[in-house]
Amino acid sequence: LLGADGNLGITIFEEITALAGTHSAINLGQGFPDEDGPAEIRNAARRAILAGANQYAPGMGLPVLREAIADHQERFYGLRPDPGTEVMVTTGATEAIASTLLALTGPGDEVLTFEPFYDSYGAMIGLSGATHTTAPLLAPDFQPDMAALEAAFTDRTRIVLVNNPHNPTGAVFPAAVLQRIVDLAVKHDAVIVTDEVYEHLTFGPRHIPVATLPGAADRTLTISSAGKTFSLTGWKIGWISGQAELIAAVRSVKSFLTYSSGSPFQAAIAEGLRMEDSFFTDIAGTLRAKRNVLSAGLREAGLEVFQPQGTYFVNADVAPLGIEDATDLARRLPELVGVAAIPVAMFCHPEGAERTRTMLRFAFCKRFDVLQEAAERISRLNE
Ligand code: PMP
Ligand code: GLN
């Protein structure tokens, strides 16, 4: 995992964002919105700072936020984790992922993910010493092949790490797929870790948390984050919930990674999670319209577009433009036409990278006019 110089390197998101900056390009690479989240929540953080919420929060998180997380899960999904022992606040979903993998796996274990996979999974599985196994998600719909999924489980599979809605593909898995994963986890006695940071960003059927499915409750850890739901990605407030003993194990790693997470932001997110239902449905509706604008623009520019059902991202194939290597293109795109995107191959091991060699991931969590301008610029690739 470590490079010859002993470094992990930096994430592809940082690399492409820096390139976008250098060339003043529209950044459809790293997934962050260009409009900040609700003023009510930002004001709540300001109030919390002025009211003195400026010292360490408890390691498990502020009680008011843990209560709000439990209430939110009850309101939307009928789940009710115990805020005292079954909910922990983390420094973004990233820390929840890192702590979980370091706590529960090590050399000799396998961690199974879909492929393409979110980049921190590969890095953290590597740091834990476990082996990373994968089951492929293939275009155009990026749904798993059930036989391949079953074949990817072994008796060494310690964790199956699910991501639904799925980054980078935008796939949303139906109940039957999720139930199959649960059944296979039960059969192989694996823990299910499910990263649901895009839980409110779906454009079709409502999100189904894995933890609600039969057989899942006592072996599932659910991770989410305020970043995407509230368009506040820089606040880095995430959380993890699930069975108390698993949370206790994850907590012991978190204790030594960061110990605790930003106090005033926790207080403010507690208020955010109590916003009316309409807030949560509106963000998905707006994002769906943005998806449609960017997808249509990319299609007009001649790319093959794979319509996502959730997340911030749409994947598109540049092969119809006669381009053979999307990674090379992504490194030149900011200078070439003033747009930045992420090569999907960056979310893959070598075999998967070969399958996704001509695919780019574009983020559509941007203003409508920005998306239109970006699509217009990409159409210049044809010139
Ligand atoms: N998981 C997935 C699938 C993501 O796309 C991201 C990026 N938002 C994260 C985890 C990291 O979330 P956070 O910024 O809350 O650490
Ligand atoms: N999750 C964001 C994405 O997929 C980026 C987060 C990061 O920069 N590490 O674009």
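What you are looking at is a predicted structure, and each value in this text was computed from that prediction instead of being measured.

## Concerning the confidence of the model for the protein
- Put simply, the protein has an average pLDDT of 96, and 98% of its residues get 70 or more.
- Confidence estimates for the predicted assembly give a pTM of 0.97 and an ipTM of 0.98.

## Here's the deal with unusual backbone geometry
- Geometrically, the link from A139 to P140 is a cis peptide bond, its omega value of 5 degrees lying close to zero.
- Checked against the element boundaries, P140 lands in the loop between β4 (131-136) and α6 (146-152).
- In this structure, the amide linkage connecting N164 to the following residue, P165, adopts the cis form with an omega of -10 degrees.
- Residue placement: P165 occurs in the loop between β5 (157-163) and α7 (175-187).
- Not every positive phi belongs to a glycine, and F142 is a case in point at roughly 55 degrees.

## Brief notes about the packing of helix α4 (residues 92-104) against helix α9 (residues 244-257)
- At a closest axis distance of 8 Å, the pairing of α4 and α9 adopts a crossing angle of 115 degrees. Relative to α9, α4 is oriented so that their crossing is right-handed. Residues E95, A98, S99, T100, L102, A103 and L104 of α4 lie in contact with α9, whose contacting residues are A249, V250, S252, V253, K254 and L257.
- When grouped by side-chain class, the residues that make up the contact of α4 with α9 number 8 nonpolar, 3 polar and 2 charged.

## Focus on the pairing of strand β3 (residues 110-115)
- Among the 6 residues of β3, 6 are classified as buried, and the element is accordingly described as predominantly covered.
- As judged from the 6 bridges shared by β3 and β4, these two strands associate in the parallel manner. The partner of E115 across the bridge, within β4, is P136.
- Assessed by its sense of winding, the connection that carries the chain from β3 through helix α5 (residues 119-128) to β4 is right-handed.
- As judged from the 4 bridges shared by β3 and β5, these two strands associate in the parallel manner.

## Some thoughts on the site of ligand 1
- In the vicinity of ligand 1 there are 15 residues, among which G92, A93, T94, N167 and S225 approach most closely.
- Of all elements in the fold, only α4 and α8 (226-229) reach the threshold of two or more residues within the shell around ligand 1.
- Ranked by the residues each element gives to the shell around ligand 1, the list is headed by α4, at 3 residues.
- Of the residues that constitute the shell around ligand 1, the class distribution is 3 nonpolar, 9 polar and 3 charged.

## Structural notes on the environment of G262
- On the secondary structure map, G262 appears in the loop between α9 and α10 (263-272).
- Taking the number of C-beta atoms within 10 Å as the measure of exposure, G262 has 21 and is therefore buried.
- Sequence spacing of G262 and T90 is 172 residues, and the spatial spacing of their C-alpha atoms is 9.1 Å.
- Beyond its immediate sequence surroundings of up to four residues, G262 is in contact with W235, K236 and I237.

## Quick notes on the domain arrangement of the protein
- Here the protein is partitioned into domain 1 (12-30 + 278-382) and domain 2 (39-272).
- On a C-alpha basis, the centres of domain 1 and domain 2 stand 25 Å from each other.
- Taken residue by residue, the interface counts 24 residues in domain 1 and 24 residues in domain 2.
- Mapped by element, the contributors of at least two residues to the side of domain 1 that touches domain 2 are α11 (277-300) and β10 (313-317).
- Counting residues per element, the side of domain 1 that touches domain 2 draws most heavily on α11, at 6 residues.
- Class assignment of the residues belonging to the side of domain 1 that touches domain 2 gives a composition of 14 nonpolar, 7 polar and 3 charged.

## Focus: the nonpolar core
- Within the largest apolar cluster, 113 residues are counted, with the highest numbers of intra-cluster contacts made by I192, V339, L360 and F362.
- In terms of residue count, the dominant contributor to this core is α4 (7 residues).
- Setting aside chain neighbours within four positions, we find L360 in contact with A316, V318, A326, A330, A341, I342, P343 and V344.

## A word on the sheet that holds β10
- With respect to topology, 4 strands assemble into an open sheet ordered β9-β10-β13-β12, the strand pairing being antiparallel. Each edge of the open sheet is held by one strand with a lone partner, namely β9 (304-306) and β12 (342-343).
- One ladder, built from 5 bridges, connects β10 with strand β13 (residues 359-363); its direction is antiparallel. Bridge pairing in β13 places N315 opposite R361.

## Some remarks on α11
- For α11, which comprises 24 residues, the first-to-last C-alpha distance of 35 Å matches the rise-based estimate of 34 Å (1.5 Å per residue) to within 8%.
- All of the buried residues in α11 are I283, L287, K290, R291, L294, S295, G297 and L298.
- Where α11 is buried, its residues contact β9, β10, β13 and α14 (368-378).
- At the C-terminal side of α11, G302 shows a positive phi close to 100 degrees.

What counts and how
- Numbering of residues starts from 1 in each chain and follows the order in which that chain's sequence is written.
- Chain letters and ligand numbers both follow the written order, the letters beginning at A and the numbers at 1.
- Per-residue local features are limited, in this predicted model, to residues with pLDDT of at least 70; the limit for side-chain atom pairs, both in listing and counting, is 80 or more; totals at the level of whole chains, interfaces and linings are taken over all residues.
- Each residue carries a pLDDT score, the predictor's own confidence in it, on a scale running from 0 to 100.
- What counts as a helix is a DSSP run of H or I of at least four residues, what counts as a strand is a run of E of at least two, and both are numbered from the N terminus.
- Note on method: axes are straight lines fitted to C-alpha atoms, helices fitted across the in-contact stretch only, with angles between N-to-C directions ranging 0 to 180 degrees.
- Crossings are sorted by hand: turned counterclockwise from the far helix by less than a right angle, the near helix makes the crossing left-handed, and turned clockwise it makes it right-handed.
- It is the C-beta atoms, placed from the backbone, that decide contacts: two residues are in contact if theirs lie within 7 Å.
- Basically, the charged four are Asp, Glu, Lys and Arg, the nonpolar ten are Ala, Val, Leu, Ile, Met, Phe, Trp, Tyr, Cys and Pro, and anything else, Gly included, counts as polar.
- Burial in this document is a count-based property: other C-beta atoms within 10 Å of a residue's C-beta are tallied, and the residue is buried at 20 or more, exposed at 12 or fewer, or partly exposed in between, with C-beta positions derived from the backbone.
- DSSP calls a pair of strands paired once it identifies at least 2 bridges connecting them.
- By convention, orient the strands away from the viewer: a clockwise path from the first strand over the helix to the second makes the crossover right-handed.
- Residues are counted as near a molecule or strand when the C-beta atom, derived from backbone positions, lies within 6 Å of that molecule or strand.
- Delimitation of the domains relies on an automatic or database domain assignment.
- A set of buried residues qualifies as a nonpolar core if it consists of Ala, Val, Leu, Ile, Met, Phe, Trp, Tyr and Cys joined through C-beta atoms within 7 Å.
- Here the expected length of a helix is defined as 1.5 Å per residue gap, with one fewer gap than residues.

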